[in-house]
Number of protein chains: 2
Amino acid sequence: MVMRMSTLFLRTLREDPVDAEVVSHKLLVRAGYVRRAAPGIYSWLPLGYRVLRKVEQIVREEMDAIGAQEVHFPALLPREPYEATNRWTEYGPNLFRVKDRKEGDYLLGPTHEEMFTLLVKDLYSSYKDLPLSLYQIQTKYRDEQRPRAGILRGREFVMKDSYSFDISDEAFKASYDAHRAAYIKIFDRLGLDYVIVAAMSGAMGGSASEEFLANAASGEDTYVRSPGGYAANVEAVVTPVPPPVPYDDAPEAHVEDTPDTPTIETLVGHLNERFPRVDRPWSAADTLKNVLVMLRHPDGTREPLAIGVPGDREIDEKRLTAQVEPATVEPFGDDDFRAHPLLAKGYIGPGVLGEKNASGIRFLVDPRVVDGTRWVTGADQAGRHVLDLVAGRDFTPDGTIEAAEVRAGDPAPDGSGPLELARGIEMGHIFQLGRKYSEALGLQVLDENGKLVTVTMGSYGVGVSRAVAAIVENSHDEQGIVWPREVSPADVHLVATGKDEAVFAAAGELADELERSGVTVLYDDRRGVSPGVKFKDSELVGVPTIVVVGRGLADGLVEVKDRRTGERTEIPLAEAVGHLRSVVLRS
Amino acid sequence: MVMRMSTLFLRTLREDPVDAEVVSHKLLVRAGYVRRAAPGIYSWLPLGYRVLRKVEQIVREEMDAIGAQEVHFPALLPREPYEATNRWTEYGPNLFRVKDRKEGDYLLGPTHEEMFTLLVKDLYSSYKDLPLSLYQIQTKYRDEQRPRAGILRGREFVMKDSYSFDISDEAFKASYDAHRAAYIKIFDRLGLDYVIVAAMSGAMGGSASEEFLANAASGEDTYVRSPGGYAANVEAVVTPVPPPVPYDDAPEAHVEDTPDTPTIETLVGHLNERFPRVDRPWSAADTLKNVLVMLRHPDGTREPLAIGVPGDREIDEKRLTAQVEPATVEPFGDDDFRAHPLLAKGYIGPGVLGEKNASGIRFLVDPRVVDGTRWVTGADQAGRHVLDLVAGRDFTPDGTIEAAEVRAGDPAPDGSGPLELARGIEMGHIFQLGRKYSEALGLQVLDENGKLVTVTMGSYGVGVSRAVAAIVENSHDEQGIVWPREVSPADVHLVATGKDEAVFAAAGELADELERSGVTVLYDDRRGVSPGVKFKDSELVGVPTIVVVGRGLADGLVEVKDRRTGERTEIPLAEAVGHLRSVVLRS
């Protein structure tokens with residue numbers, strides 16, 4: 001059915017919404033695709049819902065193609081299964097919790113691992129039933145602390161989540177690979193500019209995972225890539241560990257007065273002034289910075305943690321968070337310092353840190369702090385530092401942690417060259433869950449020998465509503481959205497200009513003919529609206545092919561404009577249907 | 001794509017689920033369409049989700065056909081708009097309320113009047129923008145006190161809700177009629193056996209409404225119909241008011257001792273024994289029964305209410321509830337009697353009731369209690385009744401109320417004959433909202449004269465997930481479900497029997513050919529499953545056409561069975577595709 005703008009529930013806006021930070025948010029609201037209902041919660045207007053359903057359909061087709069079967073779970077879920085896997089607690093304030101009239105505990109599902117596991121347990125019992133992949137396209141909830149960026153990160157959103165069930169880790173590999181291949185097809189069809197990166201699996205549990213990131217400066221995920229093809233989410237980057245350094249001829253550690261040097265900068269200045277080196281000046285990289293944080297565990301308890309990193313690197317909060325999950329990271333406050341009087345703020349050193357040491361505070365260091373490396377670090381007294389402190393000789397940390405920032409130029413862990421940093425939007429995530437959920441919920445089947453085997457699971461997500469925004473991030477210009485053809489709300493945006501009724505008659509007929517031939521049409525049939533406003537709206541709305549019926553009609557011509565390139569061609573009205581069909585089908 | 005039962009996520013069950021009361025619940029679970037996740041909350045399995053989506057598509061097509069535009073609102077909604085219309089309170093415990101991490105109040109939408117009103121207010125401002133009809137097919141929540149009957153009455157369910165916006169009540173009429181016509185098409189296509197009845201509008205507000213009820217003994221709605229074509233939900237039945245009775249020659253009221261007569265039955269017995277009448281014996285219809293209830297108002301306050309009905313009729317709780325909405329009805333307990341010592345339990349009479357009377361308790365009577373009618377009723381003292389008490393002479397109630405039960409044989413209010421009672425499932429509801437929501441939320445547009453006019457709204461619902469169950473209620477037999485063709489999960493259920501590989505080869509080829517020719521196939525390709533089990537499963541699952549490839553194949557024949565009639569025909573395999581195409585397309 002032709003969508004006529006004279007009656008379409010659409011009002012384009014000239015002003016960006018005040019709360020909009022990213023371009024997709026601005027354009028989707030201005031072009032009348034979505035409308036905010038509450039923070040992080042959006043309504044889909046007619047054009048927007050069409051795009052959303054097209055994205056859903058692409059995802060559905062590619063999931064069906066790998067034999068995944070569509071089901072549909074409720075969003076309102078009982079607490080018990082999430083209690084069994086501890087996610088009721090682990091999710092913390094990100095989970096919307098609901099009480100029913102009988103004070104029963106429910107939640108709004110953020111993902112459905114538990115429910116799928118229980119459903120399969122409910123119906124299946126033999127290795128002959130496997131492999132199995134189930135999926136749903138469903139509304140999810142996550143109570144984000146700072147919902148932002150419109151539908152890029154909402155609190156209610158549409159996700160495709162699927163789950164694979166296999167008899168063994170080897171068999172799982174095929175399910176994983178099938179999903180990976182399907183995801184490539186999906187994101188190709190969505191017209192996204194994306195990369196596949198190694199990733200941490202986060203609160204999902206499990207061991208191996210990859211993310212599909214749409215390249216976008218507005219993305220919340222930072223990833224790295226090397227010239228040799230390495231790519232990873234920054235949380236997943238593993239620091240290459242240098243070989244140990246011989247330290248037989250290293251001088252003994254010695255404590256020096258370093259008054260007023262609570263920062264790395266002041267310390268390095270002091271070292272170069274008072275202890276100048278012959279070969280090269282002291283730099284931040286020679287110092288070991290010991291940072292204190294508090295971990296908040298899911299059960300509410302707090303635990304202090306000391307992290308030692310080379311002084312030229314900051315702690316990357318996201319990398320640290322990924323390492324300590326499900327605990328969260330809180331600042332180590334003044335009260336905490338008072339509770340640990342051995343810690344000399346600004347001059348903290350390994351002398352008191354570590355579980356075997358005076359403070360009893362767990363002490364993890366950057367993987368670069370290998371045995372034999374020599375450091376300047378705090379001497380645990382205000383105004384004093386220790387020099388020539390050798391790791392492995394003078395102190396032994398409790399372990400290592402990947403918490404230091406990753407910097408452009410760092411070596412890729414696989415030796416494929418220096419890393420480059422980029423930003424992306426997480427569009428898909430595939431990961432091996434292993435047996436975390438099947439063990440917690442008792443999903444076992446009988447194997448060929450009649451023995452009970454715990455099922456190996458995989459979990460796979462696509463951000464369906466987010467994809468609509470990511471596509472806009474990837475595909476727009478100054479004037480508005482430029483939809484890839486497969487997800488455009490219409491194939492053709494037909495604009496009738498002027499006041500001549502003959503123009504509207506011809507355009508109306510063309511619109512009907514196009515629809516009959518399978519080309520969907522958004523028809524701007526508004527009277528009394530200037531051509532300028534109509535052209536502006538057509539650029540903003542972003543249908544890839546714009547057809548103008550106007551003054552040229554006197555000569556039997558209409559104009560066809562490519563929204564992306566701006567290229568215009570005049571063609572005879574009589575050939576318009578055939579021409580447009582070929583344009584639509586060709587792309 | 002052919003659905004193969006060897007890999008389909010489906011396990012039919014021989015036993016009814018223990019909590020199942022109605023046949024659709026039993027069959028949908030046993031045939032593997034849905035599975036319970038929590039009380040009143042269901043998951044859709046692959047076959048069930050296919051049926052659900054087919055129902056959705058029928059609803060979508062018919063809504064599109066009347067020019068309604070599809071949008072999609074969130075399910076998680078902010079409190080404020082529902083506060084403005086008072087529904088935040090009025091919905092009481094039926095509403096799922098949610099707090100977010102910032103202690104903000106949200107709800108899970110039961111219907112979306114407020115959100116649609118605000119959206120239209122947001123974008124539209126002129127009479128030229130109207131009429132407008134918007135709809136969504138969306139997940140809704142209602143915290144039912146007794147979720148029962150599987151997906152017939154769930155706590156999470158799928159509904160199509162639409163809303164019309166018109167400049168005037170006259171213009172609204174066309175929107176209402178268009179929806180009514182679309183609903184007739186929808187329920188016809190769904191193959192439902194349904195009636196359209198006059199209805200109360202309930203908590204929605206507004207004045208005129210009709211319900212579409214699927215006839216089913218398991219239905220929760222009772223409706224009435226007359227030979228002359230009157231049909232109404234029992235809540236909406238208006239009692240024909242008899243003319244006043246002259247009472248000039250009526251004897252004076254007199255109080256009599258009636259010891260041990262706290263019930264109507266004992267009272268009537270006593271009257272016939274002690275005060276026998278010449279013309280006819282006393283019956284329950286001669287007595288006026290005064291029933292006390294407590295109303296609980298949305299703000300939590302309680303108010304006593306006395307209702308006087310002829311002693312031969314019970315109070316119908318649903319009719320009473322519909323009358324007092326948004327208040328709810330609670331029992332008048334012993335504590336309440338203690339708080340009102342004037343009320344003599346079992347012997348309550350109009351002597352103390354009514355706002356102008358001693359008790360100050362509001363007193364409403366059945367519409368049959370017209371002036372001049374003569375009653376035996378309580379004398380407000382234990383063991384005593386008053387006789388010859390004349391309405392309008394001896395007592396004046398505060399008004400009337402439609403709270404007495406409707407009985408088969410009662411006259412239709414329009415004079416179209418005696419009423420018959422039947423039960424149905426509410427499948428659709430269309431109603432005039434008037435200006436309740438547009439006034440509360442300030443939805444006004446400029447009319448032709450530049451004057452602000454409050455918009456007239458209509459609200460229209462279809463129970464989409466409920467329809468799946470209602471169809472089963474209407475269409476099943478002892479063996480299982482019998483799907484109407486338009487909503488069946490497949491066009492053909494193809495069964496290969498025996499162990500002969502040639503049979504499976506021929507059946508597999510037939511399945512592929514059918515799919516290529518546009519006929520969808522559920523193919524039972526399971527090995528090692530007996531023909532008896534396969535036939536039983538095919539009857540249970542309910543695809544309207546069953547094709548058996550088995551022993552007949554040796555003679556080049558396959559069997560085609562009509563699920564509904566049981567009729568079987570043998571046809572040559574070579575003609576099967578053509579034959580089945582014609583069967584599928586013809587129906």
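Residues numbered from 1 in each chain as written. Chains lettered and ligands numbered in written order. Predicted model: local features only at pLDDT ≥ 70, side-chain atom pairs only at ≥ 80, totals over all residues. Heavy atoms only, no water.

S.K.: So, the overall build of chain A: which residues are in play, and what are the values?
M.R.: When its secondary structure is counted, chain A shows 14 helices and 32 strands. Considering only C-alpha atoms, chain A reaches an extent of 95 × 70 × 50 Å along its principal axes. Expressed as a percentage of its 587 residues, the buried residues of chain A come to 56%. Contacts in chain A between residues at least 24 apart in sequence constitute 68% of all its contacts with a sequence separation of at least 6. As presented, chain A carries roughly 23,900 Å² of accessible surface, and 50% of it is formed by carbon and sulfur atoms. Taken together, the 68 basic and 92 acidic charged side chains of chain A have centroids lying 5 Å from each other. (Helix = DSSP H or I, 4+ residues; strand = E, 2+ residues; numbered from the N terminus. Buried < 20%, exposed > 50% of the residue type's maximum accessible area, 1.4 Å probe, protein only. Contact = heavy atoms within 4.5 Å. Areas by Shrake-Rupley, 256 points an atom, 1.4 Å probe, with all protein chains shown as cover. Lys, Arg positive; Asp, Glu negative; His and termini not counted. Charge placed at Lys NZ, Arg CZ, Asp CG, Glu CD.)

S.K.: Break down the sheet that holds strand E19 (residues 374–381) of chain B for me, citing the residues and quoting the values.
M.R.: Residues and elements named next belong to chain B. Judged by pairing direction, the sheet is antiparallel, and its 3 strands sit side by side in the order E14-E20-E19 without closing on themselves. Two strands close off the open sheet at either side, each with one partner strand: strand E14 (254–257) and E19. In this sheet, neighbouring strand axes are inclined to one another by 30° on average, regardless of whether the strands run parallel or antiparallel. Strand direction decides the pairing type here: E14 and strand E20 (residues 384–390), joined by 4 bridges, are antiparallel. Opposite His254, over in E20, you have Leu387 as the bridge partner. (Pairing = 2+ DSSP bridges. Axes fitted to C-alpha atoms, helices over the stretch in contact; angles between N-to-C directions.)

S.K.: Go over the packing of aromatic side chains with me, naming the residues and quoting the values.
M.R.: Residues and elements named next belong to chain A. With the rule as written, the count across this model stands at 28 aromatic pairs over all chains. Centroid distance Phe73 to Phe116: 4.4 Å. Interplanar angle 45°. Geometry classified as tilted. In this pair, Phe73 sits in the loop between strand E4 (69–70) and strand E5 (76–78) while Phe116 sits in helix H5 (residues 113–123), placing the two residues 43 residues apart along the sequence. Note on accessibility: Phe73 and Phe116 belong to one class, buried. Within the aromatic cluster, the residues linked to one another by ring pairs are Tyr183, Phe187, Tyr194 and Phe212. Its guanidinium or amino end placed over the ring of Trp88, Arg97 lies 5.0 Å from that ring's centre, counting from NZ or CZ. The side chain of Arg277 reaches across the aromatic face of Trp282, ending 4.1 Å from its centre. (Phe/Tyr/Trp six-rings, centres within 6.5 Å; stacked < 30°, edge-to-face > 60°. Lys NZ or Arg CZ within 6 Å of the ring centre and 35° of its normal.)

S.K.: Any details on the packing of helix H2 (residues 46–65) of chain A against helix H6 (residues 169–189) of chain A? Residues and values, ideally.
M.R.: Residue and element names in this part refer to chain A. At their nearest, the axes of H2 and H6 sit 9 Å apart, and the two run at 150° to each other. Here H2 lies roughly antiparallel to H6, going by the angle between them. The way H2 lies across H6 gives a crossing that is right-handed. Contacts from Ile58, Val59, Glu61, Glu62 and Met63 in H2 reach His179, Ala182, Tyr183, Lys185, Ile186 and Arg189 in H6. Grouping the constituent residues of the contact of H2 with H6 by class yields 6 nonpolar, 1 polar and 4 charged. (Parallel < 35°, antiparallel > 145°, perpendicular 65-115°, else oblique. Left-handed = near helix turned anticlockwise from the far one by under 90°. Nonpolar A, V, L, I, M, F, W, Y, C, P; charged D, E, K, R; others polar.)

S.K.: Account for the domain arrangement of chain A, with residues named and values stated.
M.R.: On domain assignment, one finds that chain A holds domain 1 (15–75 + 109–208 + 425–473), domain 2 (254–400) and domain 3 (490–586). Each of domain 1 of chain A and domain 3 of chain A was reduced to a C-alpha centroid, and the two centroids are 38 Å apart. (Domains from an automatic or database assignment.)

S.K.: Give a description of the side chain of Thr545(B) that names residues and reports values.
M.R.: Residues and elements named next belong to chain B. Tracing the backbone through its elements, the reader meets Thr545 in strand E30 (residues 545–549). Within the structure, the side chain of Thr545 is placed 2.6 Å from the side chain of Arg485, a separation counted as a polar contact. Residues within four places of Thr545 in sequence aside, it is in contact with Arg485, Asp491, Val492, His493, Val560, Lys561, Leu580 and Val583. (Polar contact = N/O pair within 3.5 Å; in protein donor to acceptor, adjacent residues only side chain to side chain.)

S.K.: Can you break down unusual backbone geometry residue by residue, with the values?
M.R.: With omega at 5°, the peptide bond leading from Glu325(A) into Pro326(A) counts as cis. With respect to the element layout, Pro326(A) can be found in the loop between helix H8 (317–324) and strand E17 (328–331). Cis geometry is found at the peptide bond from Leu130(B) to Pro131(B), where omega equals 0°. Position of Pro131(B) among the secondary structure elements: in the loop between helix H5 (113–123) and strand E8 (132–141). Backbone geometry at Asn86(B) places phi at a positive 75°, although glycine is not the residue there.

S.K.: Describe the pairing of strand E12 (residues 221–225) of chain A, listing the residues and the values that go with them.
M.R.: Residues and elements named next belong to chain A. Counting buried positions along E12 yields 4 of 5 residues, so the element is predominantly enclosed. Examined bridge by bridge, E12 and strand E22 (residues 420–434) share 5 bridges and lie antiparallel to one another. The partner of Thr222 across the bridge, within E22, is Arg423. Pairing geometry for E12 and strand E13 (residues 231–233), over 3 bridges, is antiparallel. By the bridge assignment for E13, Tyr223 is matched with Asn233. Linking two consecutive strands that pair antiparallel, namely E12 and E13, is a turn of 5 residues; a positive phi of about 100° is found at Gly229 within it.

S.K.: Give me the environment of Arg313(B): which residues, what numbers.
M.R.: Residue and element names in this part refer to chain B. The topology assignment puts Arg313 in the loop between strand E16 (302–310) and helix H8 (317–324). Expressed as a C-alpha distance, the spacing of Arg313 and Asp129, which sit 184 residues apart in the sequence, is 52 Å. Polar contacts involving the side chain of Arg313 include one to the side chain of Asp410, which spans 2.9 Å.

S.K.: Lay out the relation of the copies chain A and chain B in plain terms, naming residues and giving numbers.
M.R.: Of the transformation placing chain A onto chain B, the axial shift is 0.2 Å and the rotation is 179°, giving an RMSD of 0.3 Å. What the superposition gives is, in effect, a two-fold axis relating one chain to the other. Considering only C-alpha atoms, the part of chain A nearest the rotation axis is Val98(A), at 2.8 Å. When the interface residues of chain A are mapped onto chain B, 100% of them again fall at the interface, so both copies present the same face. (Least-squares fit on C-alpha atoms with pLDDT ≥ 70 in both.)

S.K.: How would you explain the interface of chain A and chain B if you had to name every residue and give the values?
M.R.: Counting residues at the interface gives 57 residues for chain A, matched by 58 residues for chain B. Roughly 5,000 Å² is buried in total at the junction of chain A and chain B, and carbon and sulfur atoms are behind 58% of that figure. In terms of surface lost to chain B, no three residues of chain A exceed Phe9(A), Arg101(A) and Leu123(A), which account for 16% of the buried area on that side. Here chain A and chain B share 6 salt bridges between them. For Arg11(A), the salt bridge is made with Asp129(B), and the minimal N-O distance between the two is 2.6 Å. Applying the counting criterion to the chain A and chain B interface returns 26 residue pairs in polar contact (both at pLDDT 80 or more). Top contributing element to the side of chain A that touches chain B by residue count: H2(A), with 7 residues. In terms of residue class, the side of chain A that touches chain B is made up of 33 nonpolar, 7 polar and 17 charged. (Buried area = accessible area lost by both parts, 1.4 Å probe. Salt bridge = Lys/Arg side-chain N within 4 Å of Asp/Glu carboxyl O.)

S.K.: How would you explain the nonpolar core if you had to name every residue and give the values?
M.R.: Of all hydrophobic cores here, the largest spans 76 residues; its most connected members are Phe9(A), Leu76(A), Phe165(A), Phe9(B), Leu76(B) and Phe165(B). The residues touching Phe9(B), leaving out its near neighbours within four places in the chain, are Gln69(A), Leu119(A), Val120(A), Leu123(A), Tyr124(A), Leu132(A), Leu134(A), Leu45(B) and Pro46(B). (Core = buried A, V, L, I, M, F, W, Y, C linked by side-chain atoms within 4.5 Å.)

S.K.: Provide a residue-level description of helix H1 (residues 23–30) of chain B, including the pertinent values.
M.R.: Residues and elements named next belong to chain B. Extensive coverage of H1 is indicated by the burial of 6 of its 8 residues. By the burial criterion, the buried members of H1 are Ser24, His25, Leu27, Leu28, Val29 and Arg30. For H1, the elements touching its buried residues are strand E2 (34–38), strand E3 (41–44), helix H11 (464–474), strand E26 (476–477), strand E27 (480–481) and helix H13 (531–541). Trailing H1 by a residue or two, Gly32 shows a phi angle of about 80°, which is positive.

S.K.: Please provide a residue-by-residue account of the pattern of salt bridges, values included.
M.R.: All told, the structure shown has 98 salt bridges over all chains when counted by the stated rule. Here Arg155(A) and Asp143(A) are joined by a salt bridge, their closest N and O atoms 2.9 Å apart. Taken together, the residues span a long stretch of sequence, with Arg155(A) in the loop between strand E8 (132–141) and strand E9 (156–166) and Asp143(A) in the loop between E8 and E9 at a distance of 12 residues. For Asp143(A), a relative accessible area of 1% gives the class buried. Ionic pairing is found between Asp169(B) and Arg435(B), a salt bridge with its closest N-O pair at 2.8 Å. Of this pair, Asp169(B) sits in helix H6 (residues 169–189) while Arg435(B) is found in the loop between strand E22 (420–434) and helix H10 (436–441), placing the two residues 266 residues apart along the sequence. Classification of Arg435(B) as partly exposed rests on a relative accessible area of 31%. One connected set of salt bridges, linked through shared partners, spans Arg14(A), Asp524(A), Arg526(A) and Asp537(A).

S.K.: Just give me the short version of the sheet that holds strand E18 (residues 362–365) of chain B, but keep the residues and values in it.
M.R.: Residues and elements named next belong to chain B. Across the sheet, 5 strands lie side by side as E17-E15-E16-E18-E21; this open sheet has mixed pairing. Two strands lie at the open edges of the sheet, namely strand E17 (328–331) and strand E21 (399–400), each paired on one side alone. Judged from the 9 bridges that link them, strand E15 (residues 288–296) and E16 form a sheet pairing that is antiparallel. The partner of Leu292 across the bridge, within E16, is Ala306.

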